[in-house]
Amino acid sequence: YQVQPEEVGVVLRFGEFVRTTDPGLRAKLPFVEQVLKVPVQRQLKQEFGFQTAEAGARTQFVPQDRRFADEAVMLTGDLNVAVVEWIVQYRVSDPFDFLFKVRNPEETFRDMNEAVMREVVGDRTINEVLTIGRTEIILKVLAKLEVLAEEYSLGIKVDQVILQDVNPPASVKPA
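Keep in mind that this is a model prediction, so the values were computed, not measured.

### Some points on the overall build of the protein chain
When you go through the protein chain residue by residue, the secondary structure sums to 5 helices and 11 strands. A globule of 175 residues ought to have a C-alpha radius of gyration of about 16 Å, yet the protein chain, at 20 Å, is considerably larger. Scored against the burial criterion, the 175 residues of the protein chain give a buried share of 37%. Restricting to contacts in the protein chain with at least 6 residues of sequence separation, those with at least 24 account for 67%. Split by element, the accessible area of the protein chain, about 10300 Å² in all, is 51% carbon and sulfur. Taking the 21 positively charged and 27 negatively charged side chains of the protein chain as two groups, their mean positions are separated by 4 Å.

This is the structure:
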């Protein structure tokens, strides 16, 4: 089997972890060993409140879906509503933890992101969220995500949190 340069191979023998392998051409026992390839050098991302259909010079986004709208609408500390869209970029730091410590690591990480962003936005006023508090929100979310990922043994290292767009809801904009 071949492991690509940005991947690490995790070898299982009868379903039990045996070893990790570096990039290159490798050998395994047929029918006995299984290889799972984990991208450890590639930067992965998750989008919240929107979804990119096609990236490029003219990026196209998926039309607003109910699920995206629900995760983007947040209540601020002064009981106002804000629509917060953000991106989190991360890498797999520990392939063993990523594959075996948590059942659905990417789904768990997505839920953690939403919970942390709601907590941080909920501690701010609407004016802070829309204007001056964006950098502080990004830094707090990044720090809390790193701590939670470590506590949960997700095997994920958070690289960057980007607040894509923060607006009041469409029904409130005219006011």
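### So, the nonpolar core
Ranked by size, the top nonpolar core spans 35 residues in total, and within it Val84, Trp86, Phe109, Met117, Leu145 and Val161 carry the most contacts. Within the residue set of this core, elements represented by two or more residues are strand S2 (7-13), strand S6 (44-48), strand S10 (81-92), helix H3 (105-122), helix H4 (126-130), helix H5 (134-152) and strand S11 (156-167). Not counting chain neighbours up to four residues away, the residues in contact with Val84 comprise Phe48, Ala72, Met74, Met117, Val121, Val129, Leu163, Asp165 and Val166.

About the thresholds
- Residues numbered from 1 in each chain as written.
- Predicted model: local features only at pLDDT ≥ 70, side-chain atom pairs only at ≥ 80, totals over all residues.
- Heavy atoms only, no water.
- Helix = DSSP H or I, 4+ residues; strand = E, 2+ residues; numbered from the N terminus.
- Rg over C-alpha atoms; globule rule 2.2 N^0.38 Å.
- Buried < 20%, exposed > 50% of the residue type's maximum accessible area, 1.4 Å probe, protein only.
- Contact = heavy atoms within 4.5 Å.
- Areas by Shrake-Rupley, 256 points an atom, 1.4 Å probe, with all protein chains shown as cover.
- Lys, Arg positive; Asp, Glu negative; His and termini not counted.
- Charge placed at Lys NZ, Arg CZ, Asp CG, Glu CD.
- Core = buried A, V, L, I, M, F, W, Y, C linked by side-chain atoms within 4.5 Å.

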